[in-house]
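# Per-entry structural report
The lines below spell out each chain.
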Amino acid sequence: MQQNLAHIAIVVRDYDEAIAFYTQKLHFSLLEDTVLSDTKRWVRVAPPGSACGLLLARAANEEQESRIGNQTGGRVFLFLHTDDLERDHRNLLEQGVRIVREPVQETWGKVLVFADLYGNLWDLIEPAR
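Residues numbered from 1 in each chain as written. Predicted model: local features only at pLDDT ≥ 70, side-chain atom pairs only at ≥ 80, totals over all residues. Heavy atoms only, no water.

- By the naming in an unreviewed UniProt entry, the protein chain is VOC domain-containing protein, taken from Chitinophaga cymbidii.

Here you go:
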């Protein structure tokens, strides 16, 4: 059996502001932006070279809106691996992205925690070689 994680849905307030954040500040690629109806789009972004990406899902009701920025109850939501944590840390600072925990060296690699535009927490990890 072969299985792959294709997309991870993340609830957003607005498609265009989410696209701007992920493509301009995190340098993700916009893979798809297809209009499905007057209120719904199929929008996918991903880090360069990644097989799995984010499906940006605009909140459609009050319950979904209440989850924007807190899809995991305040825990780190997503884990992004990098080949150069220091480079990406500098980029996050230059882009005004909020760093929640400064970089630290762990036995398994370097890690920092940042918040996306809605407050979802991400681990940025440079695995030990």
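### Notes on the pattern of salt bridges
- Applying the stated criterion across every chain, the model contains nine salt bridges.
- The salt bridge involving aspartate 33 is made with arginine 41; its shortest N-O contact spans 2.7 Å.
- Among the salt bridges present, the one from arginine 129 reaches glutamate 126, with a minimum N-O distance of 3.3 Å.
- Residue glutamate 126 is classed as buried on the basis of its relative accessible area, which comes to 10%. (Salt bridge = Lys/Arg side-chain N within 4 Å of Asp/Glu carboxyl O. Buried < 20%, exposed > 50% of the residue type's maximum accessible area, 1.4 Å probe, protein only.)

### Overview of the UniProt feature "domain: VOC" (unreviewed entry) in the protein chain
- Mapped onto the present numbering, the UniProt feature "domain: VOC" (unreviewed entry) falls at residues 4-127.
- The span residues 4-127 is 22% helix and 43% strand, and its two end C-alpha atoms sit 21 Å from each other. (UniProt positions renumbered as here; feature names shortened; annotations may be inferred. Helix = DSSP H or I, 4+ residues; strand = E, 2+ residues; numbered from the N terminus.)

### Looking at the nonpolar core
- Counting residues in each nonpolar core, the largest one holds 28 residues, and the members touching the most others are Tyr22, Leu54, Leu56 and Phe114.
- The set of elements that each furnish at least two residues to this core consists of strand 1 (7-12), helix 1 (15-25), strand 3 (41-46), strand 4 (53-58), strand 5 (76-81), helix 3 (85-94), strand 7 (109-115) and strand 8 (121-127).
- Among the elements that take part in this core, helix 1 stands out by supplying five residues, more than any other.
- With near-sequence residues (within four places) excluded, tyrosine 22 lies in contact with Ile10, His27, Phe28, Val45, Leu54, Leu56, Asp116, Leu117 and Trp122. (Core = buried A, V, L, I, M, F, W, Y, C linked by side-chain atoms within 4.5 Å. Contact = heavy atoms within 4.5 Å.)

### Regarding the packing of aromatic side chains
- Applying the stated rule across the entire model yields five aromatic pairs.
- A ring pair is formed by tyrosine 22 and tryptophan 122, whose centres lie 6.1 Å apart and whose planes are at 40°; its orientation type is tilted. You can see tyrosine 22 sitting in helix 1 and its partner tryptophan 122 sitting in strand 8, a full 100 residues away along the chain. Across the pair, exposure class does not vary: tyrosine 22 and tryptophan 122 are buried alike.
- Between phenylalanine 114 and tryptophan 122, the aromatic rings sit 5.5 Å apart at their centres with planes inclined by 20°, giving stacked as the arrangement.
- Judged by relative accessible area, tryptophan 122 falls into the buried class, the value being 3%.
- A connected cluster of aromatic rings, assembled from ring pairs, spans Phe21, Tyr22, Phe28, Phe114 and Trp122. (Phe/Tyr/Trp six-rings, centres within 6.5 Å; stacked < 30°, edge-to-face > 60°.)

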